[in-house]
Amino acid sequence: MTPARTSPPTDLPQLGLRERKKIKTRTAIRDATYALIEEQGYDATTIEQIAERAEVSPSTVFRYFPTKEDIVLTDEYDAMLLDELRSRPADEPWPDSLRYVTRRAIGLARAEEPEVTRLRAHLMVQVPAVRARMMESMSVTGRLLASAVAARTGRPQDSLEVRVYAMSLIGGLAEISLYWAENDFRDDLTELLDRALDVIEHGLSPDVS
């Protein structure tokens, strides 16, 4: 199996030296974490081991990632994709914008770090602490998405409708990863995304098969 390694998104705008160094450090920490997990399992991997492998101090690891679970769950794509969502044409139907950006997110992850995508989904299913942290982090991501939804729809960001819609989408994306891993990655991830977005956009019809 190819070692799971992360890589900074290739479509990021030109960054300053300080930000590039931060991304390099985050990437080194994640790569060390994934390598250790593949070697010895999630529970046996400690922050001290991660720090040693990444050649940083444990305090540096905690400065970038508050918990070990955060190392697994976070990436560099959220901010970039939210910016892209905000920049979609104003006259483009909202579901089309959403589908474009989420498909792009999956495409980037599959192209640049396919093994990481699979390992992350596997850990969400197999490790209760990772799954619990994922549920906690969903609220943060949901608030970020709600700001984009509000700007596009003209509704207040803290309105019930915007919050429900944003969290429905975030929850749906999380379930895609879980379903994909639970079924041994047999399904095409983009097809699963399209099925999930169809449900969010059109609702759930009775099964007549």
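Residues numbered from 1 in each chain as written. Predicted model: local features only at pLDDT ≥ 70, side-chain atom pairs only at ≥ 80, totals over all residues. Heavy atoms only, no water.

Here we come to the nonpolar core. Membership of the largest hydrophobic core comes to 43 residues, with the highest contact counts inside it found for Tyr42, Leu85, Leu123, Val130 and Leu145. Contributing elements (two or more residues each) for this core: helix 1 (17-40), helix 4 (68-73), helix 5 (77-86), helix 6 (94-112), helix 7 (114-126), helix 8 (128-153), helix 9 (160-182) and helix 10 (189-202). With 9 residues, the single largest contributor to this core is helix 9. Ignoring sequence-local partners within four residues, the contact set of Leu123 consists of Ile37, Tyr42, Val72 and Val130. (Core = buried A, V, L, I, M, F, W, Y, C linked by side-chain atoms within 4.5 Å. Buried < 20%, exposed > 50% of the residue type's maximum accessible area, 1.4 Å probe, protein only. Helix = DSSP H or I, 4+ residues; strand = E, 2+ residues; numbered from the N terminus. Contact = heavy atoms within 4.5 Å.)

Let's shift gears to the packing of helix 9 against helix 10. Between helix 9 and helix 10, whose axes approach to 10 Å, the crossing angle comes to 145°. In terms of crossing hand, the pair formed by helix 9 and helix 10 is right-handed. Residue-level inspection shows Tyr165, Ser168, Leu169, Leu173, Ile176, Tyr179 and Trp180 of helix 9 in contact with helix 10, the latter providing Leu189, Leu192, Leu193, Arg195, Ala196, Leu197 and Ile200. (Axes fitted to C-alpha atoms, helices over the stretch in contact; angles between N-to-C directions. Left-handed = near helix turned anticlockwise from the far one by under 90°.)

The next thing to look at is unusual backbone geometry. Look at Asp184: it is not a glycine, yet its phi comes out positive at around 60°. With respect to the helices and strands, the residue Asp184 is situated in the loop between helix 9 and helix 10. Of the residues examined, Asp184 reaches a relative accessible area of 55% and is grouped as exposed. One non-glycine residue with positive phi stands out, namely Phe185, at about 60°.

The next thing to look at is the packing of aromatic side chains. On inspection of all chains with the given rule, the structure shows 2 aromatic pairs. When the centroid spacing of 6.4 Å and the interplanar angle of 55° are considered together, the rings of Trp94 and Tyr165 count as tilted. Residue Trp94 is found in helix 6, and its partner Tyr165 is found in helix 9; the two are separated by 71 residues along the sequence. Trp94 gets classed as buried once you look at its relative accessible area, which sits at 12%. (Phe/Tyr/Trp six-rings, centres within 6.5 Å; stacked < 30°, edge-to-face > 60°.)

Geometric descriptors of this kind do not, in isolation, establish any biological role.
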